[in-house]
Amino acid sequence: LIRGSITETVIKHSAYPLPVLPLTYTIVSLQTGLDPLWTNVLLGVVYLYLLPISVYLLSQKITKSNNFSGAFLLLTVPLVVVWSIWYIPQVHALMLYLISMIQPSLFLQFILLLTASLSHGGIALLMSLILFLLWITVLEKRLHVLLIFNITITTIYIVYTSLIYSTMW
């Protein structure tokens, strides 16, 4: 970017073959007119607001209770607050997963799941397990569709990255 840089940020990182997070930061920076450092601050603040809200909405959807304590206690965890100021793909993927679970539209859910899976493969595997456990306990048809979407996307991502890394060696 012309106006500035975030230190130690590269577009292509060996651990993440698809640069979803740097592209997201770049697009937000260009659209808002902010330099990348302020974009990082802006997305960190958005993360701090979205995380407890999405956890509350998701827990309300699953348990059908209006209890704010889980969302409030989440902000007392030091790592949750520290993660808001760093450039971490796991946090980006986790937020996209949480937001996708409360979306009413299947199309938006698919786009968010795709972006989250491409952001971090480890979180994609973890969310497949969590979606499977939620599907078993809640027995909601919609979670079944999310689980199928996530398993399909994660499988394609694992095959793609395995093929890329096998050709590098």
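This write-up is about the structure you can find in this document. Within each chain, residues carry numbers counting from 1 in the order of the written sequence. It should be noted that, the model being predicted, local features are given only for residues of pLDDT at least 70 and side-chain atom pairs only at 80 or more, the latter also being counted only at that level, while totals for whole chains, interfaces and linings use all residues. No hydrogens and no water enter the side-chain calculation; it runs on all heavy atoms of the structure.

We now examine the overall build of the protein chain. Scanning the protein chain from N- to C-terminus turns up 8 helices and 0 strands. Shown N-terminal to C-terminal, the secondary structure of the protein chain runs as helices and strands in the order α-α-α-α-α-α-α-α. Within the protein chain, the fraction of its 169 residues that count as buried is 33%. Contacts in the protein chain between residues far apart in sequence, at least 24 positions, make up 65% of those at least 6 positions apart. About 10,300 Å² of surface is accessible on the protein chain, with carbon and sulfur atoms providing 76% of the total. Helix numbers and strand numbers start at the N terminus; a helix is a DSSP run of H or I with at least 4 residues, a strand a run of E with at least 2. Using a 1.4 Å probe on the protein chains alone, a residue whose accessible area is under 20% of its type maximum counts as buried, one over 50% counts as exposed, and one in between counts as partly exposed. The contact rule is simple, with two residues in contact once any of their heavy atoms fall within 4.5 Å. Accessible areas in this description were obtained via Shrake-Rupley with a 1.4 Å probe; residue shielding takes into account the shown protein chains only.

Residues L34, W38, V41, L42, V45, V46, Y49, L50, I53 and L57 make up a contiguous nonpolar surface patch of about 860 Å² in total accessible area. Relative to the assigned elements, Y49 resides in helix α2 (residues 36-63). Of the residues examined, Y49 reaches a relative accessible area of 58% and is grouped as exposed. To count toward a patch, a residue needs a relative accessible area above 30% and no salt bridge. Like charges then connect within 9 Å, nonpolar side chains (Val, Leu, Ile, Met, Phe, Trp, Tyr) within 5 Å. One side-chain nitrogen of Lys or Arg within 4 Å of one carboxyl oxygen of Asp or Glu is enough to make a salt bridge.

Looking now at the side chain of S100. Take S100: it is sitting in helix α5 (residues 89-101). Judged by relative accessible area, S100 falls into the buried class, the value being 1%. Within 3.5 Å is the distance limit for a polar contact, defined as a pair of N or O atoms, with the added protein rule that one can donate a hydrogen and the other accept it, and that residues adjacent in sequence qualify only through two side-chain atoms. Reaching out from S100, the side chain makes a polar contact with the backbone oxygen of Y97 at a distance of 2.7 Å. Residue contacts for S100: discarding those within four places in its chain leaves Q109, L112 and L113.

The next subject is the environment of P89. Checked against the element boundaries, P89 lands in helix α5. Residues P89 and V20, 69 residues apart in the sequence, show an inter-C-alpha distance of 8.6 Å.

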